[in-house]
Amino acid sequence: MYEKDGEKYFVVDGHIHFWDASPDNWVKGQEKYAKGWIECFHAYQGLGPAETHWPIEKFQKYSEEDFVSDVFDEGYVDVGIFNPTYLKEWYTDGFNTTETNARLAAKHPDRLIVNGRWDPREGEAGLRRLEEDAERYGLKGVKLYTAEWRDGSRGWTLRDPEAAPFLEKCAELGIVNIHVHKGPTIWPLDKDAFDVRDVDYAATSYPELNFIVEHVGLPRIEDFCFMATQEPNVYAGLAVAVGALMHARPRFFAKVMGELLFWVGEDKMLFGSDYAIWEPKWQVEGFVDWDYPDDQFSDYPAVTTASKKKILGLNAAKLYGIDVPEEFQLPTEAETPAAREDAQLVEGAA
Amino acid sequence: MSIRARVLDALGTVYDPELDEPITSLEFVTSCDVSADGDVDLRLRLPTSQCAPNFAFLMAADARDAVRRLPEVRGVTVLLEDHCTDDEINAAVNRGQAFAQAFPGETEGELDALRRLFWRKALVARQSRLCEALLAGGATPEEVTARRAADLPDEPDARRCLELRGQLGIAREDDAAAFVLPDGGAIAAVDLRHWLRIARLIRTSLESNGGMCRSLLRVRYDLPNPEEIAA
């Protein structure tokens with residue numbers, strides 16, 4: 001929890017990792033990609049405050065002690081949500097897997113939520129594995145990485161007919177939170193790899209599921225906002241938006257937040273540090289202190305203490321059924337819907 | 001003007017298709033060496049090794065084309081460095097091959113549709129800056145939408161808008177509307193503020209992506225870190 005000026009914030013970090021990207025874990029012949037990937041992440045860390053930067057060796061592989069200290073002891077996080085990223089084409093034991101996450105989570109019951117994953121390209125075997133994982137880990141969410149490479153295929157979409165049985169299985173098993181990575185990706189090559197239209201399609205088809213678009217679709221935040229404003233079950237995962245912009249580009253951060261508050265609304269935005277790209281501590285502190293820099297931003301929705309409490313933890317707690325002690329709750333349920341205006345002009349706009 | 005200066009000028013007309021900014025001001029040109037005989041050796045860099053290969057290809061290919069067009073240039077070698085698909089891109093671009101030849105079997109077509117999509121976004125974003133300035137100066141929505149292309153100021157956003165309209169096949173003669181929908185259609189005065197809301201979001205996206213790319217490039221190549229650029 002975080003306390004500032006007499007206000008108490010229950011912090012759910014919606015996006016954390018415990019990865020191993022050390023050279024020992026690089027797949028032979030794929031070193032260029034394994035090395036490039038983690039170096040790319042490391043450069044992102046450089047967008048945070050200088051005193052929070054790590055040397056690349058620590059960044060490739062950090063310890064459980066580092067994790068506990070950075071996330072729980074220093075980082076104010078009450079509950080962290082592990083979102084796995086396998087990338088087994090590049091990393092022998094995977095980059096950041098549910099199995100590894102679960103071993104750490106077992107040592108911190110009630111503090112860590114382990115999300116699973118699935119891949120429609122695995123077919124029937126994948127469905128069985130999802131059932132097993134749901135049973136073993138008590139899954140309430142999955143992280144989908146539509147850009148992941150697999151046996152020569154370099155990605156898939158939620159529109160693929162092969163994805164439908166998996167979404168149905170999630171609904172059946174109560175895995176209601178579908179986190180979709182729509183952030184920096186590479187493939188497919190001849191289209192815009194950041195397309196979020198497949199989420200739109202799935203969100204309409206499965207209203208009983210929540211779709212959390214990670215990294216708010218950056219760098220296609222406009223497409224994400226247009227979609228989210230029309231789908232009641234689409235949420236904005238703020239990981240990367242806070243880490244990459246709040247410190248390095250505060251005015252752009254203010255504009256991005258203003259647009260998200262306008263189009264998506266404070267009830268559908270979820271904080272995520274993306275640890276270990278960035279430590280949660282400076283992000284939580286900075287976000288609680290944050291406001292628009294000047295009156296050039298007066299056109300955007302106001303951000304209040306209540307907005308910050310929702311975004312930092314209460315919204316995610318609702319989606320995951322996390323018990324939040326009374327002292328952190330808002331006095332009355334005040335929902336502030338975002339823009340519901342017709343976004344039909346959007347298609348014509350770009 | 002030296003050949004090198006003319007080469008750099010030519011590179012200033014090559015845009016990052018996603019950000020709609022020249023690759024020179026984005027500092028994507030690492031070096032540009034010109035021999036006495038007019039052979040150009042060009043090195044390019046990007047903010048991350050994982051930047052989208054399609055946009056990387058377009059910039060490398062456009063850079064080669066822009067330089068080759070100069071009569072005093074005898075040959076050009078483009079070397080994109082530190083990118084996860086640099087070998088594929090360099091091999092194809094320097095042979096003058098198309099994108100599909102750089103990545104055989106991995107694409108279904110060329111990049112024209114992708115390029116046009118981002119031209120449309122760029123046009124919306126740049127027009128919105130011009131419109132907002134007019135409204136801030138006291139113009140009514142009716143006055144703004146009644147403006148003609150000939151009324152556009154002689155400044156970078158307006159010049160680029162006309163260039164983009166040319167590329168998109170949208171009329172840009174003096175008596176054409178100053179501001180248009182990206183399909184070339186008219187913007188009704190009554191819709192202007194709503195359109196600007198959407199346009200502002202697109203602009204915020206392009207601008208913040210540009211900011212993030214600049215930040216990442218600085219971190220990656222340890223470039224001097226100037227003051228926060230005003231958004």
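Throughout, residues of each chain are indexed from 1 in the direction in which the sequence is written. Chain letters start at A and ligand numbers start at 1, both assigned in the order the entries are written. Totals for whole chains, interfaces and linings use every residue, but because this is a predicted model, local features are given only for residues with pLDDT of at least 70 and side-chain atom pairs only at 80 or more, for both listing and counting.

We now examine the overall build of chain B. Only DSSP runs of H or I with at least four residues qualify as helices, and only runs of E with at least two residues qualify as strands; both kinds are numbered from the N terminus onward. Helix and strand content of chain B: 8 helices and 5 strands. Taken from the N to the C terminus, the helices and strands of chain B come in the order α-β-β-β-β-α-β-α-α-α-α-α-α. On C-alpha atoms alone, chain B measures out to a radius of gyration of 19 Å, which is about the 17 Å that the 2.2 N^0.38 rule sets for 231 residues. Each principal axis of the C-alpha atoms in chain B carries an extent, and together these give about 55 × 45 × 35 Å. All radius of gyration figures rest on C-alpha atoms, and the globule criterion is 2.2 Å times the number of residues raised to 0.38.

Moving on, we get to the sheet that holds strand β5 (residues 112-114) of chain A. Residues and elements named next belong to chain A. Taken in spatial order, the 3 strands of this open sheet run β3-β4-β5, and their pairing is parallel. Among the strands making up the open sheet, the edge pair consists of β3 (12-16) and β5. Within the sheet, the average angular offset between the axes of one strand and its neighbour, ignoring direction, is 20°. Taken together, the 3 bridges between β3 and strand β4 (residues 79-82) define a ladder with parallel strand orientation. Paired with Asp13 across the strands is Gly80, a residue of β4. We treat two strands as partners when DSSP finds at least two bridges between them. Only C-alpha atoms enter the line fits that serve as axes; for helices the fit covers just the stretch in contact. Angles between N-to-C directions range over 0 to 180 degrees.

The next subject is the sheet that holds strand β8 (residues 210-214) of chain A. Residues and elements named next belong to chain A. Strand order in the open sheet formed by 5 strands is β6-β7-β8-β9-β10, with parallel pairing between adjacent strands. Each edge of the sheet is formed by a strand with only one pairing partner; in this case those strands are β6 (141-144) and β10 (269-270). Examined bridge by bridge, strand β7 (residues 177-181) and β8 share 5 bridges and lie parallel to one another. If you follow Asn177 over to β8, its bridge partner there is Asn210.

Residue and element names in this part refer to chain A. Alternating residues of β6 divide into Gly141 and Lys143 and Val142 and Leu144, and every residue in both groups is buried. Bridge analysis of β6 against β7 gives 4 bridges, and the strand direction is parallel. Looking at β7, one finds that Val142 is bridged to Ile178. For the segment spanning β6, helix α6 (residues 164-173) and β7, crossover handedness is right-handed. Counts of 20 or more other C-beta atoms within 10 Å of a residue's own C-beta define buried residues, counts of 12 or fewer define exposed ones, and intermediate counts define partly exposed ones; C-beta atoms are placed from the backbone. Note on handedness: a crossover is taken as right-handed if, strands pointing away from the viewer, the path from the first strand over the helix to the second is clockwise.

Residue and element names in this part refer to chain B. Packing of helix α5 (residues 112-136) against helix α8 (residues 192-221) leaves a shortest axis separation of 8 Å and a crossing angle of 115°. As α5 runs across α8, the sense of the crossing is left-handed. Residues Lys121, Ala122, Val124, Ala125, Gln127, Ser128, Arg129, Cys131 and Glu132 of α5 form the contact with α8, whose participating residues are Leu196, Ala199, Arg200, Ile202, Arg203 and Leu206. Under the convention adopted here, Pro, Cys and the residues Ala, Val, Leu, Ile, Met, Phe, Trp and Tyr are nonpolar, Asp, Glu, Lys and Arg are charged, and Gly plus all remaining residues are polar. Here the contact of α5 with α8 is built from residues that sort into 8 nonpolar, 2 polar and 5 charged. By definition, any crossing whose near helix is turned counterclockwise from its far helix by less than a right angle is left-handed, and any crossing with a clockwise turn is right-handed. Throughout, a pair of residues is in contact if the C-beta atoms placed from their backbones lie within 7 Å.

A separate point is the interface of chain A and chain B. Contacts between chain A and chain B engage 38 residues on the former and 41 residues on the latter. Elements with a minimum of two residues in the side of chain A that touches chain B: α1 (31-45), α8 (221-228), α9 (241-245), α10 (250-263) and α13 (345-349) of chain A. Element by element, the count of residues in the side of chain A that touches chain B is highest for α1 of chain A, at 8 residues. Per-class residue counts for the side of chain A that touches chain B are 24 nonpolar, 3 polar and 11 charged.

This part takes up the domain arrangement of chain B. Residues and elements named next belong to chain B. A domain assignment, automatic or from a database, supplies the domain bounds used here. In terms of domains, chain B is made up of domain 1 (3-102) and domain 2 (112-210). Put simply, the middle of domain 1 and the middle of domain 2, counted by C-alpha atoms, are 29 Å apart. Each partner contributes to the interface: domain 1 provides 7 residues, whereas domain 2 provides 7 residues. The residue makeup of the side of domain 1 that touches domain 2, split by class, is 3 nonpolar, 1 polar and 3 charged.

This brings us to helix α11 (residues 280-289) of chain A. Taken residue by residue, α11 of chain A has Pro280, Lys281, Trp282, Gln283, Val284 and Phe287 of chain A as its buried positions. Buried residues along α11 of chain A sit against β1 (2-4), β3, α3 (64-73), α9 and α12 (305-320) of chain A.

Turning our attention to the nonpolar core. With 160 residues, the main nonpolar core has Val213 of chain A together with Ala60 of chain B as its most contacted residues. Formed jointly, this core draws a minimum of three residues from each of two domains, domain 1 (3-102) and domain 2 (112-210) of chain B. If we ignore the near neighbours within four places in the chain, the residues touching Ala60 of chain B are Leu44, Val78, Leu80, Ile89 and Val93 of chain B. Note on definitions: a nonpolar core is a set of buried residues drawn from Ala, Val, Leu, Ile, Met, Phe, Trp, Tyr and Cys, linked by C-beta atoms within 7 Å.

Our focus in this paragraph is the packing of helix α5 (residues 123-137) of chain A against α6 of chain A. Between two packed helices, what matters for the description is the angle formed by their axes and the separation of those axes. All names here are of chain A. Packing of α5 against α6 brings their axes to within 10 Å, and their N-to-C directions diverge by 20°. Regarding the angle of α5 to α6, the classification is roughly parallel. α5 and α6 meet at a crossing whose hand is right-handed. On α6, the residues that touch Leu127, Leu130 and Ala134 of α5 are Pro165, Phe166, Lys169 and Leu173. For classification, angles of less than 35 degrees are called roughly parallel, those exceeding 145 degrees roughly antiparallel, those between 65 and 115 degrees roughly perpendicular, and all remaining angles oblique.

Mean pLDDT over chain B: 93, with 97% of residues reaching 70 or higher. On the interface metric, ipTM, the complex scores 0.89, and its pTM is 0.91. What pLDDT conveys is the predictor's confidence in a given residue, as a value from 0 to 100.

Okay, the confidence of the model for chain A next. Averaged over all residues, the pLDDT of chain A is 91; the fraction at 70 or higher stands at 92%. The low-confidence segment residues 342-350 of chain A, where pLDDT is below 50, has 22 contacts with residues more than four positions distant or belonging to other chains.

A word on the pairing of strand β9 (residues 234-237) of chain A. All names here are of chain A. On β9, burial covers both faces: Val234 and Ala236 on one face and Tyr235 and Gly237 on the other are all buried. Relative to β9, β8 runs parallel, the two being bridged by 4 bridges. Residue pairing for β9: Phe211 is matched across the bridge by Val234. Read from β8 through α8 to β9, the crossover connection turns out right-handed. Relative to β10, β9 runs parallel, the two being bridged by 2 bridges. Note that in β10 the partner of Ala236 across the bridge is Met269.

Backbone geometry follows two general trends: most residues other than glycine have a negative phi, and most peptide bonds adopt the trans configuration. Residues and elements named next belong to chain A. The linkage connecting Tyr275 with the following residue, Ala276, adopts the cis geometry, with an omega of 10°. Assignment of secondary structure puts Ala276 in the loop between β10 and α11. You will see that Leu87, though not glycine, has its phi angle at about 50°, which is positive. Notably, Asp274 is not glycine yet its phi reads approximately 65°, a positive angle. Residue placement: Asp274 occurs in the loop between β10 and α11. A tally of 29 C-beta atoms within 10 Å means that Asp274 is categorised as buried.

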